[in-house]
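An overview of the molecular structure
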Amino acid sequence: MPLELRRAFLILAAIVVMVSLIWASRFDEMPPAEFSFQNGTDPKTLDPHRATGQPESRILFNIFTGLLEELPEGDPDPETGVQPMTPQPGIAESYEVSPDNMTYTFQLRDDVTWSDGVPITSADFVWSWTRMLHPETACEYNFQLFGVQNAEAYATGEVKPGDKVEVELWDRPGETIDSEPAPQTFPRGTIVHGTLKALDKPPKPNVPEDATKEEKSKATADWQSEWLYTVDLARRDGDEILWDDVTKTVTYTKNLQTPLAKEDTQRAHNVLVAFDQLGGVEAPDPTTLIVHLRDPLPYFPYLTAYYPLFPVPRHCIEEHGKPMWTRPENIVTCGPYKIGLRKLRDRVRLVKDERWYDADTVEIESIDALSIESQNTALNMYETGELDWVTDPPVTLIEELKKREDYHAAPYLSVYYYELNTKRPPLDDVRVRKALSMAINREQIVREVTKAGQQPAFALVPPGIAGYTPAQGNRGSLEEAKRLLTEAGYPGGRGFPKFTILYNTSESHRAIAEVIQQQWQNNLNIKADLQNMEWGSFLDKRQQQKYDISRAAWNADYPDPNTFLDLFLSKSPQNNTAWKNPRYDELLSQAASESDKVKRMELLREAEAIWADELPAIPIYYYVGLNIIKPNVSGLLPTPQDTHPFQTIRLEPTP
Amino acid sequence: MKDLLGFLIRRLGWMAITLWAVYTVSFVLMRAAPGSPFSAERAMPPAIEQQMRARYNLDAPPLQQYWDYMWGILSRGDLSWSIKLEDYSVNQVIAEGFPVSASLAIFALVFAIILGVSAGVISAVYRGTVADVAMMATAVLGIAIPNFVLASIAILLFVFLIPLFPAAGWGTLRQVALPAICLGLPVAAYIARLTRAGMLESLSREHVRTAFAKGLPKRTVIIKHVLPGALLPVVSYLGPATAGVLTGSLVLEKIFALPGMGSHFIYAATQRDTTLATGMVLTYTVLLFVMNTIVDLAYAVIDPRVELE
């Protein structure tokens, strides 16, 4: 290589290093927010219909508003310090309930607008709820609306001849009659309405027994796409659909290759029960929303204050599509705050929205939701003043932190339990399950392992739900446990097959599993293996019921015992225990249709008592929510669901 | 000039082959791993899961997926949407994370080179003195201590005992300092040892002795005649060092809450985010390949005896 070239290269290298150093030291420094908190992992999405976790909910609750809002009411519980929360007027300034608890009439404020100034009307709710329920939105929380008439059938896609249906033709923007489905579900294709006259299905394909879950669900989906729907189309008169006035009869299918297709069969996306036309939700005028329930759910007002039922901006979603509408530059919101900035893995900055109807009551101008996963890092930042609120303090330091003034621990509606696979012997024997439960010393676990003041659990529903006294559960005793084990055929633990406790990888889950393993060994002479798995594989094992005993936990989706009890319904997708009890199922369905609140709670309690007696899972403890909050922050109190509306937070100037 | 061009073209060819191999292996591994990107605590009905699979083209036959995804990358540079970070495409994730990882790596490397070379030169020149022993002992420690331990000590010292730097976060020069130092120190220690060894070897060469004999000042001899030869092993180490700095940042990103690419790497794998994981693996492959090529080039430039091949 010639000398000049070599010299040139050296100079070039020096220049490159200099330039990259200069590039690397350029930062867009931004002023810190007035208030910042640890938000855990990065929020996955800001779409209320797609979000599920707590990091998402902390943001969504503050950038959108529901018909009602869950806000503090009354004084904190003197014993636990928990601030009761009740649904209070949000976008609806008032609502009325019919005497049978089946009809809710919401009166919307007439001055509410989206963050871009477009007014919010009752039609926005009808549209949002339709989107939320639509099968292709795949909203994990769509069951929260199942109490509304026709909602469940719409979301699950169940139709039968005689149903009044909507048909979405294969003409979404960008679609041709033989193209792949457009990725955007909204805006939708042309919708026609009619009555389903017949539903023809080709023979069900034979799927081999040993096919994977994916192959099975693909075979089912392929088969369903070949169904042929015969629909008597109804005449439309303006906005009104005259169901009995049949204009013509058309056949529809998703897959024109189906053997059932006729010459004039048309292609359509979905044939679904016409949810928005059958009176489940009605918008007679822009400020009135009428909801007709299928069951008299006493907790329906709470559901309207939960983010999956919040309205989403139709104009924004239809313009930008999914997921582009959630980009900070596109998103349109309707809460006390709007998105100022979103940096992946770094922060979401919330900025006060002056257009919000109650903006005068919002005190803090800007809030940073920092994506900090590490517990220690968050505490470090708190100590150096970069954070005002730690939502997940280090478990290993709990004993130290407990002594501090700014440490707040309070129970919330969440339970930690061990699921038992009741298909596998000997766990199919209720005596064995009881013996295992009685042999666990829960006091030792909460005192020596979790340490933060968790409550030992003997039943399923955590205390703290207004109007509900949880079932007692059976504490039993060691003697009784030994006796039950002997009765079941394992005197002194002899002959008891070895089994495995499955848990997802985490220090604290391991510690608890080790203690329980020890207690079973010492108290019953039963040997258990421990197996940890990372989250994805762990869920897979549980859902396919390929486990003996598995760690599990559940947070309340709404403050009602039903949120815990319906996990163990025999048809519940969450029931991984294979436990079925017809009486339990019946009690829950009775409770669902019971409009007397006291009687309803009685039924639920009876169901819980059955659960606690049969023990398809072993309850271990009820969680406490742990927060470390700067002393100059007020209005940030422990709540039953660990939710915290930011508009109530106040900062006193630090001295 | 011709051999340079030939070298670059050959390297590019190898990179393409490597990328293809990496893509294939990670594709197979991702599909072989148990669990699905859509598994969640709240179980999804099969029909909805099927729709989600269709949205990410995961319902096609594996071979079809393999080609479709590869074609997307080749024709449009499109790494598809991230499955778990729903609001982002993989390209956007990389575009947001890469500058952070890159500036951290630049600071760490520049710091490591300056500190390592200076320490190496000093201890070679003052061989056998207390300074030499102290520096080399520190270097051994620096290599031995993993950077997350270093980070904890550094935080204790420079955040809490002497409050010089913020505890974590990204966005100001002060916030970069600690993670860059923690990331760079082990590299600096290694460079110091390499430099010292190279210097000692060069110092005993005959042309160096001649230079001293001519009466050239010590400084000139060291900078002009000793250092270039001594730095050759350092330059060849820069390739692996870059790799170390880029992958070593995974842990530090967590400790210092940095929004770099590293954390996505682990996260994508554990969450079965197939698209993001593939995108990450490919990005890292390209980065390492490019860095190694540059190092090989630099090597040939510094040492005329090296031929590019």
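So, how was this worked out
- Residues numbered from 1 in each chain as written.
- Chains lettered and ligands numbered in written order.
- Predicted model: local features only at pLDDT ≥ 70, side-chain atom pairs only at ≥ 80, totals over all residues.
- Heavy atoms only, no water.
- UniProt positions renumbered as here; feature names shortened; annotations may be inferred.
- Helix = DSSP H or I, 4+ residues; strand = E, 2+ residues; numbered from the N terminus.
- Contact = heavy atoms within 4.5 Å.
- Buried area = accessible area lost by both parts, 1.4 Å probe.
- Salt bridge = Lys/Arg side-chain N within 4 Å of Asp/Glu carboxyl O.
- Core = buried A, V, L, I, M, F, W, Y, C linked by side-chain atoms within 4.5 Å.
- Buried < 20%, exposed > 50% of the residue type's maximum accessible area, 1.4 Å probe, protein only.
- Domains from an automatic or database assignment.
- Pairing = 2+ DSSP bridges.
- Axes fitted to C-alpha atoms, helices over the stretch in contact; angles between N-to-C directions.
- Parallel < 35°, antiparallel > 145°, perpendicular 65-115°, else oblique.
- Left-handed = near helix turned anticlockwise from the far one by under 90°.
- Nonpolar A, V, L, I, M, F, W, Y, C, P; charged D, E, K, R; others polar.
- Polar contact = N/O pair within 3.5 Å; in protein donor to acceptor, adjacent residues only side chain to side chain.
- Patch = residues over 30% accessible without salt bridge, like charges linked within 9 Å, V, L, I, M, F, W, Y side chains within 5 Å.
- Areas by Shrake-Rupley, 256 points an atom, 1.4 Å probe, with all protein chains shown as cover.
- Lys, Arg positive; Asp, Glu negative; His and termini not counted.
- Charge placed at Lys NZ, Arg CZ, Asp CG, Glu CD.
- Expected span 1.5 Å × (residues − 1).

As annotated in an unreviewed UniProt entry, chain B is Oligopeptide transport system permease protein OppB from Rhodopirellula europaea 6C. What the UniProt record of chain B gives under Subcellular location (unreviewed entry) is the line "Cell membrane". For the record of chain B, the UniProt heading Sequence similarities (unreviewed entry) holds the text "Belongs to the binding-protein-dependent transport system permease family."

The name that an unreviewed UniProt entry assigns to chain A is Bacterial extracellular solute-binding protein, family 5, with the source organism given as Rhodopirellula europaea 6C.

All names here are of chain A. Within the secondary structure layout, Phe 186 lies in the loop between strand 6 (164-169) and strand 7 (191-200). Along the chain, Phe 186 and Arg 314 lie 128 residues apart, while their C-alpha atoms are 8.8 Å from each other. Sequence-distant contacts of Phe 186, that is, excluding residues within four places in its chain, are made with Trp 127, Arg 131, His 134, Thr 137 and Ile 317.

With that settled, the discussion passes to the interface of chain A and chain B. One frequently used descriptor of interface size is the decrease in accessible area upon assembly of the parts. Chain A puts 61 residues into the contact, and the matching count from chain B is 62 residues. Between chain A and chain B the total buried area reaches about 5,800 Å² when both faces are included, carbon and sulfur atoms providing 59% of it. Among the residues of chain A in contact with chain B, Phe27(A), Leu344(A) and Arg345(A) are the three that bury the most area, contributing 13% of the side total. If you look at where chain A meets chain B, you find two salt bridges. Looking at the side of chain A that touches chain B, the elements with two or more residues in it are helix 1 (3-24), helix 5 (213-225), strand 13 (337-343), helix 8 (375-383), helix 14 (535-543) and strand 21 (549-555) of chain A. Of the residues forming the side of chain A that touches chain B, the biggest block, eight residues, is contributed by helix 1 of chain A.

Let's shift gears to the nonpolar core. The biggest cluster of nonpolar side chains holds 86 residues, and the ones touching the most others in it are Leu387(A), Met199(B) and Phe256(B). If one sorts the elements of this core by residue count, helix 4 (residues 90-125) of chain B sits on top with 15 residues. For Phe256(B), the residues in contact, after removing those within four places along its chain, are Thr377(A), Ala151(B), Ile155(B), Ala167(B), Ala168(B), Gly169(B), Leu178(B), Pro179(B) and Cys182(B). With 75 residues, the next largest nonpolar core counts Ile91(A), Phe125(A), Tyr302(A) and Ala359(A) among its residues.

Residues and elements named next belong to chain B. Mapped onto this structure's residue numbering, the UniProt feature "transmembrane region" (unreviewed entry) falls at residues 12-33, 104-126, 138-164, 176-195 and 281-302. The annotated region residues 138-164 carries 81% helix and 0% strand content, and the separation between its end C-alpha atoms amounts to 23 Å. Helix makes up 100% of residues 176-195 and strand 0%, and the two end C-alpha atoms of the span are 27 Å apart.

What follows concerns the UniProt feature "domain: ABC transmembrane type-1" (unreviewed entry) in chain B. UniProt marks residues 98-299 of chain B with the feature "domain: ABC transmembrane type-1" (unreviewed entry), using the numbering shown here. In residues 98-299 of chain B, the share of helix is 84% and the share of strand is 0%. The end C-alpha atoms are 27 Å apart.

Entries for chain A in the domain assignment read domain 1 (150-207 + 218-278) and domain 2 (413-624). On a C-alpha basis, the centroid separation for the pair domain 1 of chain A and domain 2 of chain A is 43 Å.

Within a regular beta strand, the side chains point alternately toward one face of the sheet and then the other, so they alternate between its two faces. Residues and elements named next belong to chain A. The alternating pattern of strand 1 (residues 35-38) places Phe 35 and Phe 37 and Ser 36 and Gln 38 on opposite faces, both of which are buried. Note that strand 1 and strand 15 (residues 366-370) share four bridges and pair parallel. Within strand 15, the position partnered with Phe 35 by the bridge is Ile 367.

The next subject is the packing of helix 4 of chain B against helix 12 (residues 274-302) of chain B. Residue and element names in this part refer to chain B. At their nearest, the axes of helix 4 and helix 12 sit 10 Å apart, and the two run at 50° to each other. Overall, the two elements helix 4 and helix 12 adopt an arrangement that is oblique. Relative to helix 12, the crossing made by helix 4 is right-handed. Contacts from Val 90, Val 93, Ile 94 and Phe 98 of helix 4 reach helix 12 at Thr 275, Leu 276, Gly 279, Met 280, Thr 283 and Leu 287. Within the contact of helix 4 with helix 12, the residues separate by chemical class into seven nonpolar, three polar and no charged.

Let us now look at the sheet that holds strand 10 (residues 266-273) of chain A. Residues and elements named next belong to chain A. Strand order in the closed barrel made by the five strands is 6-7-8-9-10, with mixed pairing throughout. The average undirected angle you get between the axes of adjacent strands in this sheet is 45°. Looking at chain direction, strand 9 (residues 240-253) and strand 10 are connected through two bridges and run parallel. Residue pairing for strand 10: Thr 253 is matched across the bridge by Arg 267.

Moving on, we get to the side chain of Asn270(A). Residue and element names in this part refer to chain A. Structurally, Asn 270 is set in strand 10. For Asn 270, a relative accessible area of 11% corresponds to the buried category. Engagement of the side chain of Asn 270 in a polar contact is seen with the side chain of Glu 136, the distance being 2.9 Å. Other than its neighbours up to four places away in sequence, Asn 270 contacts His 134, Glu 136, Glu 166, Val 167, Glu 168, Arg 172 and Lys 254.

Moving on, we come to the sheet that holds strand 12 (residues 288-292) of chain A. Residue and element names in this part refer to chain A. The strand order 4-5-12-11 describes an open sheet built from four strands, whose pairing is antiparallel. Of all strands in the sheet, those with a lone pairing partner are strand 4 (92-97) and strand 11 (281-285), marking the two edges. Ignoring strand direction, the axes of neighbouring strands in this sheet form an average angle of 20°. Where strand 11 lies against strand 12, three bridges are found, and the strand directions are antiparallel. Directly across from Glu 282, in strand 12, lies its bridge partner Ile 290.

Below, the discussion takes up a negative patch on the surface. Together, Glu34(A), Glu354(A), Asp358(A), Asp360(A) and Glu365(A) make up a negatively charged patch on the protein surface. Looking at the secondary structure, you find Asp358(A) in the loop between strand 14 (347-352) and strand 15.

With that out of the way, let us pick up a nonpolar patch on the surface. All names here are of chain B. The grouping of Phe 148, Val 149, Ile 153, Leu 157, Phe 158, Leu 161, Ile 162, Leu 164 and Val 251 at the surface amounts to a nonpolar patch, some 740 Å² of accessible area in total. With six residues, helix 6 (residues 147-161) is the single largest residue contributor to the nonpolar patch. By the secondary structure assignment, Leu 161 is in helix 6. A residue is classified by how much of its surface remains accessible, and Leu 161, at 63% relative accessible area, is exposed.

The next point concerns the pairing of strand 4 of chain A. Residue and element names in this part refer to chain A. In the sheet, strand 4 pairs with strand 5 (residues 103-108) via five bridges, with the strands oriented antiparallel. Note on strand 5: the bridge partner recorded for Tyr 95 is Phe 106. Between strand 4 and strand 5, which pair antiparallel one after the other, the connecting turn spans five residues, and Asn 101 there sits at a positive phi close to 65°.

A separate point is the pattern of salt bridges. Residues and elements named next belong to chain A. Inspection of the entire model under this criterion finds 39 salt bridges over all chains. Among the ionic pairs, Arg 314 bridges to Glu 318, the shortest N-O distance being 3.4 Å. One end of the pair, Arg 314, and the other, Glu 318, are both in helix 7 (residues 314-320), four residues apart, so they sit about a helical turn from each other. Among the residues examined, Arg 314 registers a relative accessible area of 38% and is labelled partly exposed. On the basis of relative accessible area, Glu 318 is assigned to the partly exposed category, the value being 27%. For Asp 346, the salt bridge identified is with Arg 347, shortest N-O distance 3.1 Å. Here Arg 347 falls in the buried class, since its relative accessible area comes to 12%. In the salt-bridge network here, residues are joined through shared partners; they are Glu 136, Glu 166, Glu 168, Arg 172 and Arg 188.

This part takes up helix 16 (residues 582-593) of chain A. Residue and element names in this part refer to chain A. With 12 residues, helix 16 extends 17 Å from end C-alpha to end C-alpha; this agrees with the ideal 16 Å at 1.5 Å per step. Looking at the buried residues of helix 16, the elements they touch are helix 15 (562-565) and helix 17 (597-614). Regarding helix 16, its N-cap is Asn 581, as a side-chain oxygen of that residue lies 2.9 Å from the backbone nitrogen of Arg 583 further along.

All names here are of chain A. Here, UniProt's "domain: Solute-binding protein family" (unreviewed entry) annotation points to residues 86-153 and 237-575. The span residues 86-153 shows a helical share of 22% and a strand share of 24%, and its end C-alpha atoms are spaced 30 Å apart. As annotated, residues 237-575 has a helix share of 25% and a strand share of 26%, and its two end C-alpha atoms lie 47 Å apart.

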